[in-house]
Amino acid sequence: MGVKGGLHTTGTKWFMIESQRHSYHLVDPRPWPISGSLGALATTVGGVMYMHSFQGGATLLSLGLIFLLYTMFVWWRDVLRESTLEGHHTKAVQLGPRYGSILFIVSEVMFLFAFFWASSHSSLAPMVEIGGIWPPKGIGVLDPWEIPLLNTPILPSSGAAVTWAHHAILAGKEKRAVYALVATVSLALVSTGFQGMEYYQAPSTISDSIYGSTFFLATGFHGFHVIIGTLFLIVCGIRQYLGHLTKKHHVGFEAAAWYWHFVDVVRLFPFVSIYWWGCI
Amino acid sequence: MALAAARSGLRSLGARAAPARRRMSSSVHDDAYETAKWEKITYAGIVTCTLLAAYNLSKGHPHFDEPPAYPYLHIRNKEFPWGPDGLFEIKDHH
């Protein structure tokens with residue numbers, strides 16, 4: 001008797017087995033957890049070696065990153081196959097990625113909170129070593145009413161576009177949903193472009209006192225999150241175009257939309273506390 | 001037994017009396033309405049951002065003078081692993 005997927009065969013006859021009396025997905029063993037761990041190990045060791053100018057550091061770092069990116073690609077490819085094509089993601093199974101996404105976003109909120117804390121800690125009571133003032137003496141700051149102000153409404157507009165995409169998916173308007181996701185991603189790319197332009201024109205660098213450290217760490221990590229969210233939405237756009245997302249089952253898109261709202265709301269904090277208050 | 005029957009009867013009565021919270025037809029209508037609404041909000045956002053961009057970019061960008069060499073500025077204890085230049089630009093110090 002052979003076994004193939006959920007079907008058993010005796011000779012030429014196929015019949016469904018009735019052994020699965022639960023709605024959970026028992027995942028087949030995969031090498032991705034261990035390959036991801038090895039990729040992460042090579043990336044961190046290679047990164048440290050590279051930053052300390054050890055021979056082979058750049059090679060190990062590059063290999064680690066390639067390994068890590070490959071693992072992410074094939075692991076998520078498998079999840080898409082299991083959910084979209086094999087139908088393993090029942091309502092009960094969908095709860096897992098939902099809780100996982102929410103907990104991940106909560107951890108991201110805490111991560112960025114630490115940088116805003118560092119910025120507020122340094123700016124609310126400036127040390128005598130930096131002249132006792134904020135911004136520190138000699139630091140030129142960007143005018144918050146120029147590119148920073150311009151960049152702030154772009155992300156909430158992109159958030160409106162992702163809400164448009166969500167309602168279009170729920171209404172079964174497949175093409176409108178693709179257009180809405182194209183609008184979302186375009187606004188995101190414009191925002192990243194302006195952030196790059198702002199960094200290029202910035203009079204200070206990350207090595208200019210605690211101001212540069214906190215400014216570039218907070219705004220840079222926010223920008224990095226914008227890039228990750230953009231990639232997430234591009235994948236959702238491609239999946240919507242391919243017809244993967246349905247009215248009743250689009251958990252991946254919902255996770256991307258939650259993440260995107262987190263990114264666009266968080267943008268308001270650096271604008272108020274770092275760009276605006278930081279230059280008064 | 002009588003209690004169970006009464007309970008079951010009440011339950012079925014309640015199920016019949018309670019209107020469907022979100023029936024399929026009205027839900028599709030609501031989503032179509034919301035889709036159109038958020039599409040308009042998105043266009044309004046794009047127009048606002050475009051006008052703001054045209055206004056801001058037409059002003060040009062400011063130039064800053066080199067500050068005095070305070071000890072807390074340009075703190076660099078060792079070279080970058082990729083050399084003295086930036087990753088994306090050639091510095092003007094050499």
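Keep in mind that this is a model prediction, so the values were computed, not measured.

A. Structural detail: the overall build of chain A. Within chain A, the regular secondary structure consists of 8 helices and 3 strands. From first element to last, N terminus to C terminus, chain A shows the α and β order β-β-β-α-α-α-α-α-α-α-α. For chain A, the C-alpha radius of gyration of 24 Å lies well beyond 19 Å, the compact-globule estimate for 280 residues. Summarising its shape, the C-alpha atoms of chain A cover approximately 85 × 50 × 25 Å along the three principal directions. For chain A, buried positions account for 32% of its 280 residues. Pairs at least 24 apart in sequence give 70% of the contacts found in chain A among residues at least 6 apart.

B. Up close: the overall build of chain B. Across its full length, chain B holds 2 helices and 0 strands. Looking at chain B residue by residue over its 94 residues, the buried ones come to 9%.

C. Structural context of the interface of chain A and chain B. Every contact between the two is made by 34 residues of chain A and, on the other side, 29 residues of chain B. If you list the elements that add at least two residues to the side of chain A that touches chain B, you get α1 (32–51), α4 (147–170) and α5 (174–201) of chain A. It is α4 of chain A that contributes the most residues to the side of chain A that touches chain B, 13 residues altogether. Per-class residue counts for the side of chain A that touches chain B are 17 nonpolar, 10 polar and 7 charged.

D. Summary view of the nonpolar core. Counting 33 residues, the largest nonpolar core has A161, A165, A180 and L233 of chain A as the members making the most contacts within it. Counting residues per element, the ones that place at least two in this core are α4, α5, α6 (209–241) and α7 (251–266) of chain A together with α2 (24–58) of chain B. Filtering out sequence-adjacent residues up to four positions away, A165 of chain A remains in contact with A177, A180, L181 and T184 of chain A. Residues L142, I147, I274 and Y275 of chain A belong to the second largest nonpolar core, which totals 12 residues.

E. Seen up close, the UniProt feature "transmembrane region" (unreviewed entry) in chain A. Residues and elements named next belong to chain A. The feature "transmembrane region" (unreviewed entry), as annotated in UniProt, sits at residues 58–76, 96–118, 177–195, 215–238 and 258–278 in this numbering. Secondary structure content for residues 177–195 is 100% helix and 0% strand, and the end C-alpha separation is 27 Å. Here residues 258–278 runs as 86% helix and 0% strand, with 29 Å between its end C-alpha atoms.

F. Local environment of the UniProt feature "domain: Heme-copper oxidase subunit III family profile" (unreviewed entry) in chain A. The UniProt record annotates "domain: Heme-copper oxidase subunit III family profile" (unreviewed entry) at residues 20–279 of chain A. The annotated region residues 20–279 of chain A carries 74% helix and 0% strand content, and the separation between its end C-alpha atoms amounts to 63 Å.

G. Quick look at the packing of helix α3 (residues 91–124) of chain A against α6 of chain A. Residue and element names in this part refer to chain A. For the pair α3 and α6, interaxial distance at closest approach is 9 Å and the crossing angle is 155°. With respect to α6, the element α3 is oriented roughly antiparallel. Relative to α6, the crossing made by α3 is left-handed. Contacts between α3 and α6 pair L112, F115, F116, A118, S119 and S122 from the former with I210, T214, L217, A218, F221 and H222 from the latter.

H. Local environment of unusual backbone geometry. For the bond from W134 of chain A to P135 of chain A, the omega torsion is 0°, close enough to zero to count as cis. For P135 of chain A, the location among the structural elements is in the loop between α3 and α4. Despite not being glycine, S53 of chain A shows a phi value in the positive range, around 55°. One can find S53 of chain A in the loop between α1 and α2 (57–85). Look at S53 of chain A and you get exposed, because 12 C-beta atoms sit within 10 Å. Look at H74 of chain B: it is not a glycine, yet its phi comes out positive at around 50°.

I. Layout of α7 of chain A. Residue and element names in this part refer to chain A. End to end, α7 covers 22 Å across 16 residues, agreeing with the expected 22 Å (1.5 Å per residue, within 8%). Of the residues making up α7, those classed as buried are G252, F253, A256, A257, Y259, W260, V263, D264 and V266. If you follow the buried residues of α7, they end up packed against α3, α4, α6 and α8 (268–276).

J. Broad picture of the environment of L217 of chain A. Relative to the helices and strands, L217 of chain A resides in helix α6. Distance from L217 of chain A to G159 of chain A, taken between C-alpha atoms, is 24 Å for residues 58 residues apart in sequence.

K. Just the confidence of the model for chain A, in detail. Residue and element names in this part refer to chain A. Per-residue confidence for chain A averages 91 on the pLDDT scale, and 93% of its residues sit at or above 70. The secondary-structure element of chain A with the lowest mean pLDDT is strand β1 (residues 2–4), recorded at 46, while α1 shows the highest, at 97. In the predicted structure, residues 1–8 sits below a pLDDT of 50 and forms 12 contacts with residues beyond four places in sequence or in another chain.

L. Fine view of the environment of Y99 of chain A. All names here are of chain A. With respect to the element layout, Y99 can be found in helix α3. By C-beta crowding, Y99 is classed as exposed, having 10 other C-beta atoms within 10 Å. Separated by 110 residues in sequence, Y99 and S209 have C-alpha atoms that sit 40 Å apart.

M. Summary view of the environment of I105 of chain A. Residues and elements named next belong to chain A. In this structure, I105 sits in helix α3. Under the C-beta neighbour-count criterion, I105 is labelled partly exposed, with 15 such atoms within 10 Å. Taking the C-alpha atoms as reference points, I105 and V263, separated by 158 residues in sequence, lie 9.6 Å from one another.

The rules behind each value
Residues numbered from 1 in each chain as written. Chains lettered and ligands numbered in written order. Predicted model: local features only at pLDDT ≥ 70, side-chain atom pairs only at ≥ 80, totals over all residues. Helix = DSSP H or I, 4+ residues; strand = E, 2+ residues; numbered from the N terminus. Rg over C-alpha atoms; globule rule 2.2 N^0.38 Å. Buried ≥ 20, exposed ≤ 12 C-beta atoms within 10 Å, placed from the backbone. Contact = placed C-beta atoms within 7 Å. Nonpolar A, V, L, I, M, F, W, Y, C, P; charged D, E, K, R; others polar. Core = buried A, V, L, I, M, F, W, Y, C linked by C-beta atoms within 7 Å. UniProt positions renumbered as here; feature names shortened; annotations may be inferred. Axes fitted to C-alpha atoms, helices over the stretch in contact; angles between N-to-C directions. Parallel < 35°, antiparallel > 145°, perpendicular 65-115°, else oblique. Left-handed = near helix turned anticlockwise from the far one by under 90°. Expected span 1.5 Å × (residues − 1). pLDDT = per-residue confidence, 0-100.

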